[in-house]
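# Chains, contacts and geometry: an overview
Below are the chains, spelled out letter by letter.
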Amino acid sequence: MTMPGFYFCICPDYELAREHMQQHLLSQIPLGKPRVIWGDEGLDETFWNTLNQMNLGGVFKILVVRHAEMLPAEQWKLLSQSLAVPHADALPVFFLEMQWEKGKPKIPGHIAKLKCLEFAEKMQWIWSYSGLARDSLRKYIKREINRNHLDVADDILDYLCETVSPDAAAIKTFGQQLALAAEDGKVTWDIVRAIPACGNEADVFDMIKNIEHGKLR
């Protein structure tokens, strides 16, 4: 894949979009941690300087804009104009994290009409995904189970698919919790029911009481 001039990730689940960025963009560039800007805070002077000025230090920069759908229309207009010019030293990645309806993302009208978005579609500098659904949720949970080297029976897996939130970051955290609780790697019903992510509600007082009595699991 040729390095794009800019990139759009359109997905309500940021962790899935971050994984895509890491695998398909950042894996090609040896660089440090991307700089994250939040759309509700707007684009600051540092962002524009990084995007528009030549980097004499020779270090490639990744500019990640979270919830870019929240940027004001005027800033998007300026962005579209700026992105029309190649930027050899910086790659801006815009995360549009709105919900989807009827199989399509609800992209604000002032963004949907931008030339930069049209150009991104033409160049395939865009990735769209509606998030984890029933089939993909099961696949993702199984991936985390395997990644944490866990032994999970089919009936427990069925239960997890029905109860765990369809959120990639939450599933990763839950997989880590299971790995900590299952000392031998085998996930039992007792372990699953003891973790708040699968219980009816989390009782912090019961948790503290168990810790005080050495019942760490």
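Computed from a predicted model, the values in this text were never measured in an experiment.

## Details of the packing of aromatic side chains
If you walk through the whole model with that rule in mind, you get 11 aromatic pairs. Ring centres of Phe6 and Trp125 lie 5.2 Å apart, and the angle between their planes is 85°; this geometry places the pair in the edge-to-face category. In this pair, Phe6 is assigned in the segment before strand S1 (7-10) and Trp125 in the loop between helix H5 (115-123) and strand S7 (126-128), connecting sequence segments 119 residues apart. With a relative accessible area of 15%, Trp125 lands in the buried category. Judged by centre distance (5.3 Å) and plane angle (65°), the ring pair of Tyr159 and Trp189 falls under edge-to-face. In this pair, Tyr159 is assigned in helix H7 (residues 154-163) and Trp189 in helix H9 (residues 189-194), connecting sequence segments 30 residues apart. Through a chain of ring-to-ring contacts, three or more aromatic side chains come together here, namely Phe6, Phe8, Trp76, Phe94, Phe119 and Trp125.

## So, the pattern of salt bridges
Following the criterion strictly, the structure yields 12 salt bridges and no others. Linking Arg66 and Glu97 is a salt bridge whose minimum nitrogen-to-oxygen distance equals 2.7 Å. Here Arg66 is found in strand S3 (residues 61-66), whereas its partner Glu97 is found in the loop between strand S4 (90-96) and strand S5 (100-101), with 31 residues between them in sequence. A relative accessible area of 6% means that Glu97 is categorised as buried. Between Glu144 and Arg147 there is a salt bridge whose closest N-O contact spans 2.7 Å. One end of the pair, Glu144, and the other, Arg147, are both in helix H6 (residues 134-147), three residues apart, so they sit about a helical turn from each other. Residue Arg147 is classed as partly exposed on the basis of its relative accessible area of 45%.

## A word on the confidence of the model for the protein
Looking at the protein, pLDDT values average 87 and 88% of them are 70 or higher. Mean pLDDT across the elements of the protein ranges from a minimum in helix H10 (residues 204-212), with 72, to a maximum in S1, with 97.

## Comments concerning helix H8 (residues 168-181)
An α-helix turns once every 3.6 residues. As a result, residues three or four positions apart point the same way. With 14 residues, H8 should reach 20 Å at 1.5 Å per residue; the first-to-last C-alpha distance of 20 Å fits that figure. Inspection of H8 places Ala168, Ile171, Lys172, Phe174, Gly175, Leu178 and Ala181 among the buried residues, and these make up the whole buried set. Contacts made by the buried residues of H8 are with helix H1 (14-24), H6, H7, strand S9 (186-187) and H9. The N-cap of H8, judged by a side-chain oxygen 3.3 Å from the amide nitrogen of Ala169 a few residues on, is Asp167.

## Description of the pairing of S4
Extensive coverage of S4 is indicated by the burial of seven of its seven residues. Side chains Ala90, Pro92, Phe94 and Leu96 of S4 all project onto a buried face; the interleaved residues Leu91, Val93 and Phe95 project onto the opposite face, where all are buried too. Across four bridges, the pairing between S1 and S4 is parallel. Across the sheet, Ile10 pairs through a bridge with Leu96, a residue of S4. Relative to S4, S3 runs parallel, the two being bridged by five bridges.

## Brief notes about the side chain of Arg66
Note on Arg66: relative accessible area 12%, which makes it buried. At 2.7 Å, the side chain of Arg66 forms a polar contact with the side chain of Glu97.

## Some thoughts on unusual backbone geometry
Although it is not a glycine, Lys102 adopts a positive phi angle of roughly 55°. The residue Lys102 is located in the loop between S5 and strand S6 (104-105) in this model. Notably, Gln124 is not glycine yet its phi reads approximately 60°, a positive angle. By the element assignment, Gln124 lies in the loop between H5 and S7.

## Here we look at the packing of helix H2 (residues 45-52) against helix H3 (residues 73-83)
Direction vectors running N to C along H2 and H3 enclose 15°, while the axes themselves pass 12 Å from each other. In terms of orientation, H2 and H3 fall into the roughly parallel class. Here H2 runs over H3; the crossing is right-handed. Between H2 and H3, the residues in contact are Phe47, Trp48, Leu51 and Asn52 and Gln75, Leu78, Leu79 and Ser82, respectively. For the contact of H2 with H3, a count of residues per class yields five nonpolar, three polar and no charged.

Conventions adopted
- Residues numbered from 1 in each chain as written.
- Predicted model: local features only at pLDDT ≥ 70, side-chain atom pairs only at ≥ 80, totals over all residues.
- Heavy atoms only, no water.
- Phe/Tyr/Trp six-rings, centres within 6.5 Å; stacked < 30°, edge-to-face > 60°.
- Helix = DSSP H or I, 4+ residues; strand = E, 2+ residues; numbered from the N terminus.
- Buried < 20%, exposed > 50% of the residue type's maximum accessible area, 1.4 Å probe, protein only.
- Salt bridge = Lys/Arg side-chain N within 4 Å of Asp/Glu carboxyl O.
- pLDDT = per-residue confidence, 0-100.
- Expected span 1.5 Å × (residues − 1).
- Contact = heavy atoms within 4.5 Å.
- Polar contact = N/O pair within 3.5 Å; in protein donor to acceptor, adjacent residues only side chain to side chain.
- Pairing = 2+ DSSP bridges.
- Axes fitted to C-alpha atoms, helices over the stretch in contact; angles between N-to-C directions.
- Parallel < 35°, antiparallel > 145°, perpendicular 65-115°, else oblique.
- Left-handed = near helix turned anticlockwise from the far one by under 90°.
- Nonpolar A, V, L, I, M, F, W, Y, C, P; charged D, E, K, R; others polar.

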